Amino acid sequence: MPSVSCPICLQPVLEENINKHLDSGCSIHVAPQGEPSSRPKNTALKKLAPIFSQTRDKHTSTLADDPLVPPSMTQDTPTTSKKRKFQVSSLSSKRFKDTPSNFKSSVPLAERLRPKCLDEFFGQKHLTGPESLLMSMLDSGIIGSLILWGPPGCGKTTLARLLARHVDCNFRELSATSSGTNDVRAVLEEAKATLSLTGRKTILFLDEVHRFNKAQQDVFLPCIEQGQIQMIGATTENPSFRLTGALLSRCRVLVLERLTDDDIRGIISSAVERVLASSPRDCEQPETERAASPSVGTEPMTSQNSLSRSQSQSSQAPISCDGPRLPYAQLTDRVISSIVSLSIGDARTALSLLELVLASKPDRDEHALLASLRRSVSASYDRVGESHYDMISALHKSIRGSQGSAAMYWLARMLTGGEDPLYIARRLVVCASEDIGLADAHALPLAMAALQACQVIGMPECRINLAHCVGYLSEAPKCTRAYEAYNRAEVAAKLDPTMPVPMVARNAPTALMKELGYAEGYNYNPSFRHPVHNDFLPIAFRGDKFLKEVEDLSDKVWDERELVRWEQEENGGRLWKGRSSV
């Protein structure tokens, strides 16, 4: 059978194997030298333009074979953006002769220890458990388009890569922080061509998908709807607010939860075992320590002083906390507990802290090491993210529930996280009228004074004014009569916006208006020594009570179980004094 010349590597390939040869990256199905070629003999091979050539020098091949390199750097993701001129494949092997080793040594521990299979993945059992819907879809070979929503460090990127590896699809990875629509269109066109020529599907993983605006998100719609590509988007923001309804209707949203303390301990245990297996430190220890330390791969002398072999066989086994981890004497139980606490369910943070510990000297003072770890972690608070609204909601509800301690805590959390004090003060003004209302006439003036104090003084002193206001509002009696009355009146007002004002309530500044009956029959209340009646409501609503009386509890609920719970939790087991009046 005649052979053709590959347009990429210029080697002869049998005509029937050209597609497989291209899919393999020009590594298989090369025809023997003696096979005839379909190219005319007198036709010289023209040198291709650099844009069509794929130079695979020693450096590029090393990167492609390195499991530590992210897939996006080894799968020739096309880039058409004029601003992005840096291409890994075009780097000179002479200039970057030592780049692979340098690259490997500079990769953070969290990236080097990414799980290679789902069995090594910690947490998210509601998604990766054997009975989960996602695993059922994975067994069928079709996962569709997904949106992975969860906090940082919960495993979104790792899960996406593992899913793509399991279904055996082409995998392309982009980040919305550094890519644009041109990059996305190039991947989409490549996916269409691959599906048409080889029948193989492509999974596009788009990190930080919420960074794309609505117009950019619309680029995915046709390809997702027609099945030309499967998109997996990762986001830390609420998809309901940051993604378009059209994109959400074509994708399934999977919620990833923050990792538990047990998950973080398991990750630390597995990481230490893998570090010990990949870089044993026996040769770096003195003879006395080497004799006392078990070598890597052998059973330790005592199970209480090292990671047991059973833990290496099961990555989900909790780490033991009975002593230092040989040969890392600085990795004590207290240090591990501090890492778990400081990471707050973020695996990336936990592994970064672990890397700092492993890099420290074995004889370093434990207290100094713990202090260094605490200083290296900053508080996680996003002033425009979902936690911004969650915490202000927690503050407001704590005040409404007369829980002063809880309200003070959330106030401190927001201020120490960098929240604008004016934002908190404005919410306190709303709370003063909504929840305290008619029960305490001093609440609203105090809240306005706190707002003015924040404007004049500023942080950090205005935190005292806010604490003063929060404490007062928390202990003040609560009344929502005015708030609920307006809500009822608003519903009535929207029923018929054209309903006329009663004649008795109209203004009559001129003689003509008085002749027309404006204000006729109006009783001026201050002129009487006794109460008088006027019909101020339209006829359709006469007799309705929007602002109810203080003793009117007709719309309130009696829940004996919740009352007993309050008596036990907050009233010291004593009966509520209001029971006798009911």
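Scroll up to find the structure this text is about.
Reading guide: rules and limits
Residues numbered from 1 in each chain as written. Predicted model: local features only at pLDDT ≥ 70, side-chain atom pairs only at ≥ 80, totals over all residues. Heavy atoms only, no water. Helix = DSSP H or I, 4+ residues; strand = E, 2+ residues; numbered from the N terminus. Buried < 20%, exposed > 50% of the residue type's maximum accessible area, 1.4 Å probe, protein only. Contact = heavy atoms within 4.5 Å. Areas by Shrake-Rupley, 256 points an atom, 1.4 Å probe, with all protein chains shown as cover. Axes fitted to C-alpha atoms, helices over the stretch in contact; angles between N-to-C directions. Parallel < 35°, antiparallel > 145°, perpendicular 65-115°, else oblique. Left-handed = near helix turned anticlockwise from the far one by under 90°.

Points about the overall build of the protein chain
Right, on to step 1. The secondary structure content of the protein chain amounts to 26 helices and 7 strands.
Right, on to step 2. The 582 residues of the protein chain split such that 39% are buried.
Right, on to step 3. Considering only contacts in the protein chain between residues 6 or more positions apart, those separated by 24 or more positions represent 67%.
Right, on to step 4. Carbon and sulfur atoms make up 54% of the accessible area of the protein chain, which amounts to about 34,300 Å² in all.

A short note on unusual backbone geometry
Right, on to step 1. Of note, the bond from Met459 into Pro460 is cis; its omega dihedral lies within 30 degrees of zero at 5 degrees.
Right, on to step 2. Even without being a glycine, Ile344 presents a positive backbone phi close to 50 degrees.
Right, on to step 3. Tracing the chain through its elements places Ile344 in the loop between helix H16 (333–343) and helix H17 (347–359).
Right, on to step 4. Of note, the phi angle at Ala519 is positive, near 65 degrees, even though the residue is not glycine.
Right, on to step 5. Assignment of secondary structure puts Ala519 in the loop between helix H25 (511–515) and helix H26 (560–569).

Quick word on the packing of helix H13 (residues 261–278) against H17
Right, on to step 1. Between H13 and H17, the shortest axis-to-axis distance is 10 Å and the interhelical angle comes to 45 degrees. With respect to H17, the axis of H13 lies oblique. For the pair H13 and H17, the crossing hand works out as right-handed. Across from Ile264, Ile267, Ile268, Ala271, Val272 and Val275 in H13, the residues of H17 making contact are Ala347, Ala350, Leu351, Leu354 and Leu358.

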